[in-house]
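Understanding the architecture of this molecule
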Amino acid sequence: MKYTQLLPFMGREELKKIAQEIMNGELKGVKLQSLFPFLGREDLHEIVDQLIEKKETEMLGRAIPFISREKVLNIYYTAEKGELPDFDASSCIPFLDTDKIKEIFRELVKNAPVESDDGDED
């Protein structure tokens, strides 16, 4: 039997404890991302905040499908400010609502350098 088969049947507090042990390097052989679907949203958001703080961009990317749109937006803006090196902020876009995507589009257009008319358009 694999440990992942037990995760759906474990309590919220135990899953949170396991996640913290993984984050602290106390528990090896368990993938943090395997816990994401089973953690409570609030617990997962705490973990995401820690991942942002530690700049663990690969794991942040794996957490995005399981967190709220607000938390995804937080990751997006943190990455756009350059605080998450090697993180592609555009990976957040599919997980945002259309109004927020329109807003981001307008911000990007507003802040983009003016291009000449004879060049190719994006």
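Attention here is on the structure that accompanies the text. Worth saying up front: this structure is predicted, and the values here are computed from it rather than measured.

1. Some details on the nonpolar core
One finds Leu-32, Leu-35, Leu-39, Val-48, Leu-60, Ile-75 and Phe-87 to be the most contacted residues of the largest nonpolar core, which totals 32 residues. For this core, the elements supplying multiple residues, two or more each, are helix 1 (12–23), helix 2 (41–54), helix 3 (57–63) and helix 4 (69–80). The residues touching Leu-39, leaving out its near neighbours within four places in the chain, are Leu-15, Lys-16, Ala-19, Leu-44 and Ile-47.

2. Quick notes on the packing of helix 4 against helix 5 (residues 98–111)
In contact at an axis separation of 13 Å, helix 4 and helix 5 are set at 15 degrees when each is read in the N-to-C sense. Considering the angle they form, helix 4 stands roughly parallel to helix 5. For the crossing formed where helix 4 meets helix 5, the hand is right-handed. Taking contact as the criterion, the partners of Leu-73, Tyr-76, Tyr-77 and Glu-80 in helix 4 are, on helix 5, Lys-100, Glu-103, Ile-104, Glu-107 and Leu-108. Counted by class, the contact of helix 4 with helix 5 contains 5 nonpolar, no polar and 4 charged residues.

3. Regarding the packing of helix 1 against helix 2
Closest axis-to-axis distance for the helix 1/helix 2 pair is 10 Å, and the angle between their directions is 10 degrees. Of the possible angle classes, the one that applies to helix 1 and helix 2 is roughly parallel. Where helix 1 abuts helix 2, its residues Arg-12, Lys-16, Ala-19, Gln-20 and Met-23 lie against Glu-42, Asp-43, Glu-46, Ile-47, Gln-50, Leu-51 and Lys-54. The class makeup of the residues in the contact of helix 1 with helix 2 is 4 nonpolar, 2 polar and 6 charged.

4. A look at the side chain of His-45
Note that His-45 resides in helix 2. Exposure remark for His-45: the relative accessible area of 16% places this residue in the buried category. In terms of polar contacts, His-45 uses its side chain to reach the backbone amide nitrogen of Ser-68, at 3.2 Å. Sequence-distant contacts of His-45, defined by excluding residues within four places in its chain, comprise Ile-67, Ser-68 and Lys-71.

Conventions we followed
- Residue numbers restart at each chain and count upward from 1, following the sequence in its written direction.
- Local features in a predicted model are, by the rule used here, given only for residues with pLDDT of at least 70; side-chain atom pairs are given and counted only at 80 or more, and totals for whole chains, interfaces and linings are based on all residues.
- Excluding hydrogens and water, the side-chain figures rest on all heavy atoms present in the structure.
- In this description, a nonpolar core means a group of buried Ala, Val, Leu, Ile, Met, Phe, Trp, Tyr and Cys residues linked to one another through side-chain atoms lying within 4.5 Å.
- Burial classification: accessible surface area is computed with a 1.4 Å probe over protein chains only, and a residue below 20% of its type maximum counts as buried, one above 50% as exposed, and the rest as partly exposed.
- Helix and strand definitions follow DSSP, with helices as H or I runs of at least four residues and strands as E runs of at least two, each counted in order from the N terminus.
- For this analysis, residues touch if any pair of their heavy atoms sits within 4.5 Å.
- Interaxial angle, 0 to 180 degrees, is taken between N-to-C directions of lines fitted to C-alpha atoms, where a helix line uses only the stretch in contact.
- Orientation categories follow fixed angle ranges, with anything under 35 degrees roughly parallel, anything over 145 roughly antiparallel, 65 to 115 roughly perpendicular, and all other angles oblique.
- If you view the pair so one helix is near and one far, a crossing is left-handed when the near helix is turned anticlockwise from the far one by less than a right angle, and right-handed when it is turned clockwise.
- Amino acids are sorted into nonpolar (Ala, Val, Leu, Ile, Met, Phe, Trp, Tyr, Cys and Pro), charged (Asp, Glu, Lys and Arg) and polar (every other residue, Gly among them).
- Two N or O atoms count as a polar contact when they lie within 3.5 Å, although within protein this holds only if one can serve as hydrogen donor and the other as acceptor, and sequence-adjacent residues are included solely when both atoms are side-chain atoms.

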